[in-house]
Amino acid sequence: MSTLGHFALFLALACAAWAATAAWLSTISKGKGLHRSAERGVLAACGLVALAVAALEYGFVTDDFSLDSVYHYSSVNQPLPYKIGALWGGQAGSLLLWAFILSSMSAIVVVTNRNKNRALMPWIVHVLAIVMTFFLVLTNFIASPFESGPLRADGVGLNPQLKNYWMMIHPPTLYLGYVGFTIPFAFGIAALVTRRTGDIWFRTTRRWTLFSWFFLGIGILMGSYWAYIELGWGGYWAWDPVENASLMPWLMGTAFLHSVMLQEKKGMMKVWNMTLIILTFCLAIFGTFLTRSGIISSVHSFATSDIGPAFAWFLGITFFGSLILLVLRLDDLKSEARMESVLSREASFLFNNMMLVGIAATVLLLTTFPLISEAATGRKVTMGPPIFNLVNIPWALFLLFLVGVGPLIAWRKATAENFRRNFLVPALVGVWSLVLFVVLEGRAAIDAARGIFRSIFAANFGGVFDSLKTFYPPLCFALAGFVFATVVLEFFRGVRARHHQYGEAPFVALGRLVWRNKRRWGGYVVHVGFVVVCIGVAASSAYRKETVEMIAPKGTIKIDGYAMTYDGYRLEAIDDYVAAVTELTVWQDGRFVARLEAEQRWHPNMLFPELREAFLRTKALRGGDPAAYTASIQGLYALIGRLEGQAGREVKTPSTEVAIHKSFSLAAPQRFAEDFYVTPLGVDPFTGQANFRVFVNPMVNFLWFGGFVLVFGASLCVFPDARERKRLEASMAIDDREAA
Amino acid sequence: MIAGQAYEQAATALLCDCGCHPQSIKECACGRAEELRVALAKDVAAGRSGDEIIAAYVARYGQKVLVAPPATGFNLVAWTGPAIGLLGAAVMITLMIRRWHRLSAALPAETVPPSSAMDEAYLARLRHDVEESR
């Protein structure tokens, strides 16, 4: 099977390379044959890569440990879903997945455009095939997933932290986003080359862009959720280079989605939009590169190797090549309208772009700063969360403000009437939230204000920022209230208008309103989702409580109105790990709320024959005599301790299963959406003495809930829309006439 | 209480060297952080202040043991760059809009040659705008 995969992958490379060449040749010669041949090349490459993926999956499922990638990321005891998911656990497999998703998307583009966009298509196929060729060269010659070694009985297995369902679907989701941006990029480049720089390229790819943005966003959220429930530090975002790598193209994509509306409606910002899509694509490639090359150290780069130079070349050529092309075509990208006022919808789009690109640029600067610093001063530095939070929060707050202003401010030049009509009520809601905070948290507000003045007089700028932190969450809530009110007001007016005009009942009116212009109203829903996410982030990071305590069984930990009793523990040997499972009872404000189990797991390294044998023997005792089973596990713990004293290499990989009680009960409304979160840092298998880290994360579930709202809104936007189709057809008709 | 503060200060400023997320010794959840916490507690028990402990770590391992580099020298690029960029961009955009506005005021409408294709596109947009504002 692996020979078949090897072969399929090589043929796929040949097909992709041919498609790139033939597509280019077809733009020079007149015949249609070459172009058809190029398109068939793309389809064939897609089929062949799919075959390679199937062959590799076959290797994983049938435990073919002679394959290096199976040996490194799978093992006999690994449950089947994780065997399947182990394909993208390593670098070569991930790159293969990238190539597979890209070739599938390219095939879809070829099929759906077989009778459309004929002038653009050769160049689109050319660009897509080149990107495909690059990834196929990587998977064929530099990081082949079909590399094989000696016959082996068992594998190393997937990193235990990756064994989580969210982690299994997170990379493919993220890749759908990364890869998807190739399509609008290819259309943009084709538009530049052919000088057909009207609105067809982005209208045709509107849904591709949204789709990529959507999956990248969900992928990021899934990754955060995984970090939250798996890594055990009580948070969900650590500004890890790899997290940043996925955030940057997402921010750029968001900027592009917004800025392109200005081109659609006003014919403005043409150069900027091209720049944005080029940057988005480059950042997507850069993201893959960061994740997979390990150039900046990060736990996430679960795979590292020597694909760095190849990526750097590809990225450099793509970036500079696209920019040169853009500069050569500046004459075709003249704006059709002019800005008239700083207080206008047009200007708010500019500021929105400024913030999004600014945040992306900041993240890029800080992520790569260790490299920059080393090159400039020879000094190694670390960029941890504090600096990211410090510089990004003010930007994010301003962005939140713009989310409220942007959609409602008048085009061209806003009048006082426009402001009163759209913003008076929302502004009052915002101010009211702020006042409410000062009333409820007066002490904190006064202390913080004092702190700011004191720091200013002491010329201590760090102190100013520290004191400002107190104001960020209330500011965030006030802005959230403001934005939310603008959207509610807009929905209310729309429904009322339909109600008056057609006499529809409110709910019918709401449904029809949204359905008739899914894109606009879906956009509002996305904005609401963003607001909810912001609330969750602000509240959970600002008002989080934490304690670390060592207790024996029957002991109790108290924190912020919660009491947690450590009832006892039991030892288990399951799948490929031994675990100390702690049994906990949680009371919230004196009321019993939950029984929880939190685990500390050790995954013994099965490559020690002694350990492997002892583990399998212990596992067989499960379900029999409990005393013998427990004693046997304690023996395993002792054995691991002994081996660790002797062996130089890793004997075990620890992981934790956190316990979370989510509070949604109406009995405690003030704790709505709050998490009680327990991580066992260490459990003594003999005495049960345990070191617990306990967090209370208020409103953290708003983050995930906001994610769902985002998904719903974005789905509305992606839905096929008759109006959008008509607009696209009209543009195409105009374009064809101009060409003729 | 002073000892507690010293521990807190050192644990939040120093990086856990486990190679996981770039996280402080206080926050990191790995086994290595646990060992480092014990080491820090010992330093504090020996009567050393937070600043002393941090300085000792930096002297031994360099600035990379800090969760974030101190805001001095070249590091200022990272600390202040984004804020300067933000201000610069805001000023630039405002000036740009002003300039465009002046240009469009100075430019009589007739200089743009009317073309039928433009008209159609413009009309389509106009119709759309009217529809949207309704």
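Cut-offs and rules
- Residues numbered from 1 in each chain as written.
- Chains lettered and ligands numbered in written order.
- Predicted model: local features only at pLDDT ≥ 70, side-chain atom pairs only at ≥ 80, totals over all residues.
- Helix = DSSP H or I, 4+ residues; strand = E, 2+ residues; numbered from the N terminus.
- Rg over C-alpha atoms; globule rule 2.2 N^0.38 Å.
- Buried ≥ 20, exposed ≤ 12 C-beta atoms within 10 Å, placed from the backbone.
- Contact = placed C-beta atoms within 7 Å.
- Expected span 1.5 Å × (residues − 1).
- Arc of directions from axis to C-beta.
- pLDDT = per-residue confidence, 0-100.
- Nonpolar A, V, L, I, M, F, W, Y, C, P; charged D, E, K, R; others polar.
- Axes fitted to C-alpha atoms, helices over the stretch in contact; angles between N-to-C directions.
- Parallel < 35°, antiparallel > 145°, perpendicular 65-115°, else oblique.
- Left-handed = near helix turned anticlockwise from the far one by under 90°.

Visitor: I keep staring at the overall build of chain A and nothing clicks. Help me out?
Guide: Along the backbone of chain A there are 25 helices and nine strands. Taking 27 Å as the expected radius of gyration for a compact globule of 740 residues, we find that chain A reaches 28 Å, a close match to that expectation. With 740 residues in all, chain A has 50% of them scored as buried. The long-range share in chain A, meaning contacts at least 24 apart out of those at least 6 apart in sequence, stands at 75%.

Visitor: Any chance you could explain helix 23 (residues 626–646) of chain A here in plain terms?
Guide: In an α-helix, one full turn covers 3.6 residues, which means residues spaced three or four apart are oriented alike. Residues and elements named next belong to chain A. Its 21 residues give helix 23 an end-to-end C-alpha distance of 31 Å, which sits within 8% of 30 Å, the value for a rise of 1.5 Å per residue. Of all the residues in helix 23, the buried ones are Tyr-629, Ser-632, Ile-633, Leu-636 and Ile-640. Considered in projection along helix 23, the buried side chains sweep an arc of 100 degrees and stay on one side of the axis. Opposite its buried face, helix 23 presents the exposed residues Ala-627, Ala-628, Gly-641, Arg-642, Gly-645 and Gln-646, each directed more than 90 degrees away. Buried residues along helix 23 sit against strand 3 (562–574), strand 4 (577–588), strand 5 (591–604), helix 22 (609–620) and strand 6 (652–657).

Visitor: Any chance you could explain the confidence of the model for chain A here in plain terms?
Guide: Low pLDDT means the predicted coordinates in that region are not meant to be read closely. Residue-level pLDDT values for chain A average 85, and 96% of them are 70 or greater. Within the model, the stretch residues 298–304 of chain A combines pLDDT values under 50 with 23 contacts to residues more than four positions away or in other chains.

Visitor: Please explain the confidence of the model for chain B as it appears in this structure.
Guide: Residue and element names in this part refer to chain B. When the pLDDT values of chain B are averaged, the result is 74; 77% of them are 70 or greater. The weakest mean pLDDT in chain B belongs to helix 5 (residues 116–133) at 65; the strongest belongs to helix 3 (residues 50–61) at 82. Model confidence for the complex is summarised by a pTM of 0.88, with the ipTM given as 0.76.

Visitor: How should the interface of chain B and chain A be read in this particular structure?
Guide: When the parts of a complex come together, some accessible area is lost, and that lost area is often used as the size of the interface. On the side of chain A, 44 residues touch chain B, which itself brings 43 residues to the contact. If you list the elements that add at least two residues to the side of chain B that touches chain A, you get helix 2 (31–45), helix 4 (76–106) and helix 5 of chain B. The greatest single-element share of the side of chain B that touches chain A, amounting to 16 residues, is contributed by helix 4 of chain B. When its residues are assigned to classes, the side of chain B that touches chain A shows 24 nonpolar, 13 polar and six charged.

Visitor: Which parts of the structure should I look at to understand the packing of helix 1 (residues 2–28) of chain A against helix 6 (residues 121–142) of chain A?
Guide: Describing two packed helices takes the angle between their axes plus the distance from one axis to the other. Residue and element names in this part refer to chain A. The N-to-C vectors of helix 1 and helix 6 enclose an angle of 155 degrees; their axes lie 8 Å apart at closest approach. If you check the angle between helix 1 and helix 6, you find them roughly antiparallel. The handedness of the crossing between helix 1 and helix 6 is left-handed. When helix 1 is examined against helix 6, the residues Leu-9, Phe-10, Ala-12, Leu-13, Ala-16, Ala-17, Ala-19, Ala-20, Ala-23, Trp-24, Ser-26 and Thr-27 are found in contact with a partner set consisting of Pro-122, Trp-123, Val-125, His-126, Ala-129, Ile-130, Met-132, Thr-133, Leu-136, Val-137, Thr-139 and Asn-140. When the residues that make up the contact of helix 1 with helix 6 are grouped by side-chain class, the tally is 18 nonpolar, six polar and no charged.

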